[in-house]
Amino acid sequence: MDNRINEIRRKIRALRLEMADVEASVRDLVERDCDCTERALAQMDLRRRINLLIAEWKAAGGSDVLPDVRDRVRLRPAKTVGNPVRASGRRDTRTGLSHPAAAARGPR
């Protein structure tokens, strides 16, 4: 039974990696203002398959605590290089002033 549980975990891990790629492609399509219907449906299908595998994993005796969304975000490495175009539009929430990079660049 341990082999079955480990096999299911490997499948879940592979699907999560695939889902991260699909999520990135959906974000890219949205940023370019393109139709992302197919990719979004593929993402929902991957989520459905992961949920089925998790149910199968639990039925096979899997008892580890699976990370939820908050845990996964906390474990995800921080983005070190941002998109300067997006960063320039940010405002400081305390002062309401534009981001320093935007102020240095001047008006558009």
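Just above, that's the structure.
In what follows, the accompanying structure is described. Keep in mind the model is a prediction, meaning the values are calculated, not measured. (Residues numbered from 1 in each chain as written. Predicted model: local features only at pLDDT ≥ 70, side-chain atom pairs only at ≥ 80, totals over all residues. Heavy atoms only, no water.)

Attention now moves to the overall build of the chain. Helices and strands together make up the secondary structure of the chain, namely 5 helices and 0 strands. For the chain, the N- to C-terminal ordering of α and β elements is α-α-α-α-α. Expressed as a percentage of its 108 residues, the buried residues of the chain come to 19%. Considering only contacts in the chain between residues 6 or more positions apart, those separated by 24 or more positions represent 52%. In the form shown here, the chain has an accessible surface area of approximately 8900 Å², with 54% of it arising from carbon and sulfur atoms. (Helix = DSSP H or I, 4+ residues; strand = E, 2+ residues; numbered from the N terminus. Buried < 20%, exposed > 50% of the residue type's maximum accessible area, 1.4 Å probe, protein only. Contact = heavy atoms within 4.5 Å. Areas by Shrake-Rupley, 256 points an atom, 1.4 Å probe, with all protein chains shown as cover.)

Bringing helix 2 (residues 37-59) into the picture now. The terminal C-alpha atoms of helix 2 lie 33 Å apart, and with 23 residues this matches the ideal 33 Å at 1.5 Å per residue to within 8%. Those residues of helix 2 not exposed but buried are Gln43, Leu46, Ile50, Leu53, Ile54 and Trp57. Lining the buried residues of helix 2 we find helix 1 (2-31). Within two residues after helix 2, glycine 61 carries a phi angle of roughly 105°, on the positive side. (Expected span 1.5 Å × (residues − 1).)

Our next topic: the state of the cysteines. What we call a disulfide is simply a covalent bond connecting the sulfur atoms of a pair of cysteines. For the coordinates displayed, the defined rule picks out 0 disulfides. Looking at the unpaired cysteine 34, the closest cysteine sulfur is the one in cysteine 36, lying at 9.1 Å. Overall, cysteine 34 belongs to the partly exposed group, its relative accessible area being 36%. (Disulfide = S-S within 2.5 Å.)

A few words on helix 1. Over its 30 residues, helix 1 extends 43 Å from the first C-alpha to the last, a length consistent with the 44 Å expected when each residue adds 1.5 Å. Taken together, the buried positions of helix 1 are occupied by Ile5, Ile8, Ile12, Leu15, Met19, Val22, Val26 and Leu29. Looking at the buried residues of helix 1, the elements they touch are helix 2. Aspartate 33, located one to two residues past helix 1, shows a positive phi value of around 60°.

For aspartate 33, which is not glycine, the phi dihedral falls at a positive 60°. Checked against the element boundaries, aspartate 33 lands in the loop between helix 1 and helix 2.

Between helix 1 and helix 2, the shortest axis-to-axis distance is 9 Å and the interhelical angle comes to 160°. The orientation of helix 1 with respect to helix 2, classified from their angle, is roughly antiparallel. For the crossing formed where helix 1 meets helix 2, the hand is left-handed. For the contact of helix 1 with helix 2, the residue count by class is 14 nonpolar, 2 polar and 10 charged. (Axes fitted to C-alpha atoms, helices over the stretch in contact; angles between N-to-C directions. Parallel < 35°, antiparallel > 145°, perpendicular 65-115°, else oblique. Left-handed = near helix turned anticlockwise from the far one by under 90°. Nonpolar A, V, L, I, M, F, W, Y, C, P; charged D, E, K, R; others polar.)

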